[in-house]
Amino acid sequence: MSDPVVDLIIIGAGPAGISAALEASAHGLEVVLLDEQGSPGGQIWRNVAQADTRTRQVLGSDYSAGQPLVEALLASNVRYQPNAAVWQVTEERCVHFLLDGKARVLQGRQLLIATGAMERPMPIPGWTLPGVMTAGAGQILLKSAALVPQGPVILAGCGPLLYLLAVQYLRAGIGIEALVDTSERRDVFKHSRQLRQALAGWRDLLKGLSLLATLKRAGVKHYRAARNLRVEGGRRAEALCFDSDGRAQKVWASLILLHQGVAPNIQISQSLRADHDWNEQQLCWVARRDSWGETSLPGIFIAGDGGAIGGANVAATQGRLAALAIAHRLQKIDACRLQALSKPWLQMLGRQSAARPLIDALYRPLAQNRIPHDDTIVCRCEEVSAGTIRGYVELGCLGPNQTKAFGRCGMGPCQGRQCGLSVTEIIAEHRNVSPAQVGYYRIRPPLKPITLAQLASERELETSTSSTPERSLS
Amino acid sequence: MPTETLFRRLQLADKYVQIEFEGTPLTVPADVSLAAALLTHDLGATRESAINGRPGAAYCMMGVCFECLVEVDGQANCQACLIQVVEGMRVRRQRGARDLLIGGQGDE
Ligand code: FES
């Protein structure tokens, strides 16, 4: 019989979660890895174990790089549980989730949140029309369903993922109507302060530059410093209008993919009331963590993009470090061994993080695409516009929870995941204070749709099945 | 315009299944999410906002935005990007999402 309490519960099977699971399991911890998807890899390596050769070739080497880790996970002692939608986590590290529609609960001695990033909302006029999706959605469709655009497609916004998707579409033989870039035609070397730090991370930088060169060679129409983006269409997207090169432009397309970077998915850490800070460099909320990734709540760690945006390699390294700290906490390794084992990872983390400040500065999303004009819809679930939110501020609302009470903004099924950052920034700008003073939505469970009947049938996840390994203590 | 279908397969799928959307039979690749399957046909909006009837369709494909809500085999408010397509599924546009239980008890 196994203990109903497992050593470590990890939420999220992306680079951070898988790396942490493997490391922890190697030190003799009993690990349960819960993931919302049907197969491991997170969004970055989504479906990597099943993807066909053609899709892999289109997606490139950074994608296939995930395969060894995914295979190692599947061959390991880690109890990997796909299709698990976590709807509540408690401070006592009790995790409630839905598994094939059935409510299950699991208690962990330690907990690691590795839920990664979500795309930053890009609220421009017309962004709610069918035919407007995110660049991340385009990539997910490529990875998980081998789908590519059929008709004219525009990629608009800024950030490495936008260029990467453009290159992947080119490899797939898909023509791109236009790359509508909101970043400036800036000289990289103007950012000399960040550049010095970035030199250590030159590989990441070169990657960004070579993607751009590939697009140029392919003759993709690349508009720079695009402003005043607006999607036109009746019941579906028909064109993207914007200003660039001092002229008003209009490009016709049935599919418009938007992207302006990613932000940590903080739904769980916010629901736990862990301490968060506003990060002005990344324009998002980040949970406060020590160097191992532990939050303000003892025994609850965060690794990867769910903490702060660092990318897949940083996430994997942070996962290793958190797992080592947790193994030490549970007395599987002593302080000496912790230090020895973590040293190479810490050094690697330094190199992997070096280019980040420059990337953040180069691809900083424009204020006008984060804090839109009055008539742009911000909350898609409850159809609340930026102007309505400003109106509530004028009535005396100081933060998102008050505007929520006034206008249901953030109370729809997405629970503010989609509008949270926009609402905070709109209020901050209108009050002329910092986002830190405005705060974020108070997130309450359930974090996922759950019915009362499901709730009533909740029981413990069996951890005594044959798939759970006997603990091998070395 | 000849067609407004937004996505096509990079290459033929190994297997296809038949589903129904608003009573019309559709052939879609197997082993993909329901939202992905629907995107291979010219359907336009797959939901209508409960607030103002605004047409909506899958946006994020990763479970964040809830724009992909549809009715599947009589069950309302299914997140199409998070469920696999299954032979014989009967799918309808979601009209309104306000009765979705999420947060329903805890909001106030
Ligand atoms: S498309 Fe966003 S939740 Fe399904």
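Residues numbered from 1 in each chain as written. Chains lettered and ligands numbered in written order. Predicted model: local features only at pLDDT ≥ 70, side-chain atom pairs only at ≥ 80, totals over all residues. Heavy atoms only, no water.

**As for the overall build of chain A**
Okay, so step 1: Per the secondary structure count, chain A includes 17 helices and 23 strands.
Okay, so step 2: Here the C-alpha radius of gyration of chain A, 22 Å, is about what a compact globule of 474 residues would show, namely 23 Å.
Okay, so step 3: When the backbone C-alpha atoms are referred to their principal axes, chain A occupies close to 70 × 50 × 45 Å.
Okay, so step 4: When burial is assessed residue by residue, chain A has 62% of its 474 residues classed as buried.
Okay, so step 5: Taking the intrachain contacts of chain A between residues at least 6 apart in sequence as the baseline, contacts between residues at least 24 apart amount to 68%.
Okay, so step 6: Taking the average location of the 51 positive side-chain charges in chain A and that of its 41 negative ones, the two points are 4 Å from each other. (Helix = DSSP H or I, 4+ residues; strand = E, 2+ residues; numbered from the N terminus. Rg over C-alpha atoms; globule rule 2.2 N^0.38 Å. Buried < 20%, exposed > 50% of the residue type's maximum accessible area, 1.4 Å probe, protein only. Contact = heavy atoms within 4.5 Å. Lys, Arg positive; Asp, Glu negative; His and termini not counted. Charge placed at Lys NZ, Arg CZ, Asp CG, Glu CD.)

**Observations regarding the confidence of the model for chain B**
All names here are of chain B.
Okay, so step 1: Confidence in the prediction for chain B averages 86 pLDDT; 85% of positions are at 70 or higher.
Okay, so step 2: Across residues 101–108, where pLDDT falls below 50, the model places 15 contacts with residues more than four positions away in sequence or in other chains.
Okay, so step 3: Quick note on the complex model: pTM equals 0.91, ipTM equals 0.91. (pLDDT = per-residue confidence, 0-100.)

**As for the environment of Gly38(A)**
Residues and elements named next belong to chain A.
Okay, so step 1: Mapped onto the elements of the fold, Gly 38 is located in the loop between strand 2 (31–34) and helix 2 (53–59).
Okay, so step 2: In this structure Gly 38 comes out as exposed when scored by relative accessible area, which is 53%.
Okay, so step 3: Measuring from C-alpha to C-alpha, the distance between Gly 38 and Ala 84 comes to 8.7 Å, with 46 residues separating the pair along the chain.
Okay, so step 4: Excluding its chain neighbours within four sequence positions, the residues that come into contact with Gly 38 are Tyr 80, Pro 82 and Asn 83.

**Structural notes on the sheet that holds strand 12 (residues 222–223) of chain A**
Each strand in a sheet pairs with another by means of backbone hydrogen bonds, the pair being arranged parallel or else antiparallel.
Residues and elements named next belong to chain A.
Okay, so step 1: Spatially, the five strands line up as an open sheet ordered 8-16-10-11-12, and their pairing is parallel. Lying at the two open borders of the sheet, with one neighbouring strand each, are strand 8 (132–134) and strand 12.
Okay, so step 2: The sheet contact formed by strand 10 (residues 153–158) and strand 11 (residues 178–181) spans four bridges and is parallel. If you follow Gly 157 over to strand 11, its bridge partner there is Asp 181.
Okay, so step 3: Packed onto the sheet, helix 6 (residues 160–171) meets strand 10, strand 11 and strand 16 (255–260) and runs at close to 155 degrees relative to strand 10. (Pairing = 2+ DSSP bridges. Axes fitted to C-alpha atoms, helices over the stretch in contact; angles between N-to-C directions.)

**Points about the packing of aromatic side chains**
Okay, so step 1: The full count for this structure, using the stated rule, is six aromatic pairs over all chains.
Okay, so step 2: Aromatic side chains Trp278(A) and Trp285(A) sit 5.2 Å apart centroid to centroid with 75 degrees between the ring planes, which places their arrangement in the edge-to-face category.
Okay, so step 3: The exposure class assigned to Trp285(A) is buried, which follows from its relative accessible area of 6%.
Okay, so step 4: Taken together, the aromatic side chains of Trp278(A), Trp285(A), Tyr440(A) and Tyr441(A) make up a single cluster linked through ring pairs.
Okay, so step 5: Sitting above the plane of the Trp127(A) ring, Arg380(A) keeps its charged end 4.6 Å from the centroid.
Okay, so step 6: One cation-aromatic arrangement involves Arg380(A) over Tyr59(B); the distance from NZ or CZ to the ring centre is 3.9 Å. (Phe/Tyr/Trp six-rings, centres within 6.5 Å; stacked < 30°, edge-to-face > 60°. Lys NZ or Arg CZ within 6 Å of the ring centre and 35° of its normal.)

**Some words on the environment of Ile124(A)**
Residues and elements named next belong to chain A.
Okay, so step 1: With respect to the helices, strands and loops of the structure, Ile 124 is situated in the loop between strand 7 (117–119) and strand 8.
Okay, so step 2: Relative accessible area serves as the criterion here: at 1%, Ile 124 is assigned to the buried category.
Okay, so step 3: Separated by 217 residues in sequence, Ile 124 and Leu 341 place their C-alpha atoms 47 Å apart.
Okay, so step 4: Ignoring anything within four residues of it in the chain, the contact list for Ile 124 reads Leu 229, Arg 230, Val 231, Leu 240, Leu 258, Asn 369 and Thr 376.

**A look at the confidence of the model for chain A**
Okay, so step 1: In the predicted model, chain A carries a mean pLDDT of 90, and 92% of its residues have values of at least 70.
Okay, so step 2: Residue range residues 464–474 of chain A is modelled with pLDDT below 50. Its contacts to residues more than four positions away, or to other chains, number 16 contacts.

**A look at the domain arrangement of chain A**
All names here are of chain A.
Okay, so step 1: Per the domain assignment, the segments making up chain A are domain 1 (5–118 + 263–333), domain 2 (121–260) and domain 3 (367–438).
Okay, so step 2: Three residues stand out in domain 1 for area buried against domain 3, namely Gln 267, Trp 278 and Trp 285, and they jointly supply 60% of the buried area on that side.
Okay, so step 3: In this structure, the connection of domain 1 to domain 3 is made through zero salt bridges.
Okay, so step 4: For the pair domain 1 and domain 3, the interface holds one residue pair in polar contact (both at pLDDT 80 or more). (Domains from an automatic or database assignment. Buried area = accessible area lost by both parts, 1.4 Å probe. Salt bridge = Lys/Arg side-chain N within 4 Å of Asp/Glu carboxyl O. Polar contact = N/O pair within 3.5 Å; in protein donor to acceptor, adjacent residues only side chain to side chain.)

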